[in-house]
Amino acid sequence: MPFLNLSFCNFRNLANDKIDLLSKEVYFVGKNGQGKSNLLESLYYCAYGNSFRTRADAEIVRKGESSFSIRSMFQDANENLKTIDVFSENGKKRIEKNGKIIKDRKDLINTMPVILFCHDDMEFVTGDPGRRRFFIDQCLSLYDAMYIDLIRRYRIVLKSRNTILKEQKYEMLAVYDIQLAQAGLEIQRKRKNAIFQFNQIFSRLYAEISGIEGVKIYYSPSWKEFPEGAGTRFPSETEVLKVLEAKQAQDKVMGTTMSGPHRDRITFVKDGVQFVPVASTGQRRLAALLLRVSQAVYYSQLTNEKPILLMDDVMLELDPDKREKLTVMLPEYDQLFCTFLPGEPYERYKRTTTRIYEIEEGHWHEK
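Residues numbered from 1 in each chain as written. Predicted model: local features only at pLDDT ≥ 70, side-chain atom pairs only at ≥ 80, totals over all residues. Heavy atoms only, no water.

Novice: Lay out the pairing of strand 8 (residues 114–117) with the relevant residues and their values.
Specialist: Looking down a regular strand, the side chains alternate between one sheet face and the other. A two-sided burial pattern is seen for strand 8, the buried positions comprising V114 and L116 on one face and I115 and F117 on the other. Across four bridges, strand 8 lies against strand 14 (residues 308–312) in parallel orientation. Note that in strand 14 the partner of L116 across the bridge is L310. (Buried < 20%, exposed > 50% of the residue type's maximum accessible area, 1.4 Å probe, protein only. Helix = DSSP H or I, 4+ residues; strand = E, 2+ residues; numbered from the N terminus. Pairing = 2+ DSSP bridges.)

In structure tokens:
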């Protein structure tokens, strides 16, 4: 489902203009602060209905203006022309797909399978546990719309349970415990299965590029598994309810729910030992990059569809040898959009059909 073109109005510092994108690879080249990342941000916005750089649309609209708009045109699998339009005015947003208003962003996410590589991905390796949970949840949401509903349902129950704990109104606690256990166990099952499959991709790629074998993602669910035979099994709903009951005193003191998928741990290990604390900065950066490569491969394997890749200055910290290896290992994609600084050897990666735009002060021209 490749993008054909984009047009803007008052989106950050980008020109009120249209840019043609009908090519398998499109490179945006320019100095820092010229608008390269803004172009990727607009593509991402069309795919997800929000920005990867801010949660406040007021920060996106051009200074002195009160509204912005983006229009993207793309082709579906049958080469039919489709559109996504985003309008934001005075803090109110409207998104249309093929001229029809989208009331739930869930209906947008599966339209354009966009996978973003950016510097903030490092948080998935070195950041707090919530960032790694977010990454796995995003991987699942890309192909499983029902998972989005499941996560939403869990968060609603969790919020309600936390409210009654803070207000010390415990009459409904047993009801919320049942709902929390039901949704939470399903989340843990899906996360465990996803991480198991993900490791088949990630560990191999990391070994091939870095030469370090045995690095993998380890999932430690908050509601612990029980030994069974040579392996383990998830707790039953009844067993989770007993865990919640045993922790009620602590929950009441803390005024919040101290166990459940919102407290799952996801870490990187090698030979059973934590890997990130002893890894170099380059090894951590490579892990973050390969998480995204693995995400793209994982999506393609499950859906038989090709993603669209956005790469925002992510290879700067890799040495030339690792850059070459990473470029070769990228999965098959519908389109690839990359940003480069003027001095980077992007000519080495381009193909004869690659479009290269030089970006300066929000304007562009094809090189």
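Novice: Describe in detail the pattern of salt bridges, supporting the description with residues and values.
Specialist: Side chains that carry opposite charge are capable of pairing whenever their charged atoms lie near each other. Scanning all chains against the criterion turns up 28 salt bridges. The shortest N-O distance in the salt bridge between K93 and D57 comes to 3.6 Å. With K93 in strand 6 (residues 92–97) and D57 in the loop between helix 1 (36–48) and strand 4 (67–75), this residue pair connects regions lying 36 residues apart in the sequence. Relative accessible area serves as the criterion here: at 18%, D57 is assigned to the buried category. What emerges from the salt-bridge pattern is a single network uniting E347, K350, E358 and K367. (Salt bridge = Lys/Arg side-chain N within 4 Å of Asp/Glu carboxyl O.)

Novice: Any chance you could break down the packing of aromatic side chains for me, citing the residues and the numbers?
Specialist: Evaluated as defined, the whole model comprises 19 aromatic pairs. Pairing F8 with F11 gives two aromatic rings, centres 6.4 Å apart and planes at 35 degrees, and the pair type is tilted. By the ring-pair criterion, three or more aromatic residues cluster together here, those being F124, F134, F135, Y143, F198 and Y298. Stacked on the ring of F234, the Lys or Arg K192 has its end atom at 5.4 Å from the ring centre. Seen from the ring of Y170, K252 lies directly overhead, with NZ or CZ sitting 4.4 Å from the centre. (Phe/Tyr/Trp six-rings, centres within 6.5 Å; stacked < 30°, edge-to-face > 60°. Lys NZ or Arg CZ within 6 Å of the ring centre and 35° of its normal.)

Novice: Could you give me a rundown of helix 10 (residues 320–329), with the residues and numbers involved?
Specialist: For helix 10, every residue scored as buried is listed here: R323, L326 and M329. With its buried residues spanning 130 degrees around the axis, helix 10 presents them on a single face. Facing away from the buried side of helix 10 by over 90 degrees, the exposed positions are P320 and V328. The secondary structure elements touched by the buried residues of helix 10 are helix 6 (173–210) and helix 9 (281–303). (Arc of directions from axis to C-beta. Contact = heavy atoms within 4.5 Å.)

Novice: An account of the nonpolar core is needed here, citing residue identities and associated values.
Specialist: In terms of nonpolar packing, the biggest core is built from 114 residues, with F3, F28, F202 and F337 touching the most fellow members. Setting aside chain neighbours within four positions, we find F202 in contact with V215, K216, I217, F268, A287, L290, L291 and S294. (Core = buried A, V, L, I, M, F, W, Y, C linked by side-chain atoms within 4.5 Å.)

Novice: Just give me the short version of helix 4 (residues 129–143), but keep the residues and values in it.
Specialist: Structurally, the α-helix is built with 3.6 residues per turn, so residues lying three or four positions apart point the same way. Where burial is concerned, most of helix 4 is hidden: eleven out of the 15 residues are buried. For helix 4, the complete set of buried residues consists of P129, R132, R133, F135, I136, D137, Q138, C139, L140, S141 and L142. A distance of 2.8 Å separates the backbone nitrogen of G130 from a side-chain oxygen at the start of helix 4, and that oxygen is part of D128. (Polar contact = N/O pair within 3.5 Å; in protein donor to acceptor, adjacent residues only side chain to side chain.)

Novice: Tell me about the sheet that holds strand 17 (residues 363–366), and name the residues and values.
Specialist: The strand order across the open sheet formed by six strands is 8-14-15-3-16-17, and the pairing between neighbours is mixed. With one partner strand each, in any of the chains shown, strand 8 and strand 17 form the two edges of the open sheet. Strand-to-strand twist across the sheet, computed as the mean angle between neighbouring axes with direction ignored, equals 20 degrees. One ladder, built from five bridges, connects strand 3 (residues 25–29) with strand 15 (residues 335–340); its direction is parallel. Each residue of the ladder has a partner; that of V29, found in strand 15, is F340. Packed onto the sheet, helix 9 meets strand 8 and strand 14 and runs at close to 170 degrees relative to strand 8. (Axes fitted to C-alpha atoms, helices over the stretch in contact; angles between N-to-C directions.)

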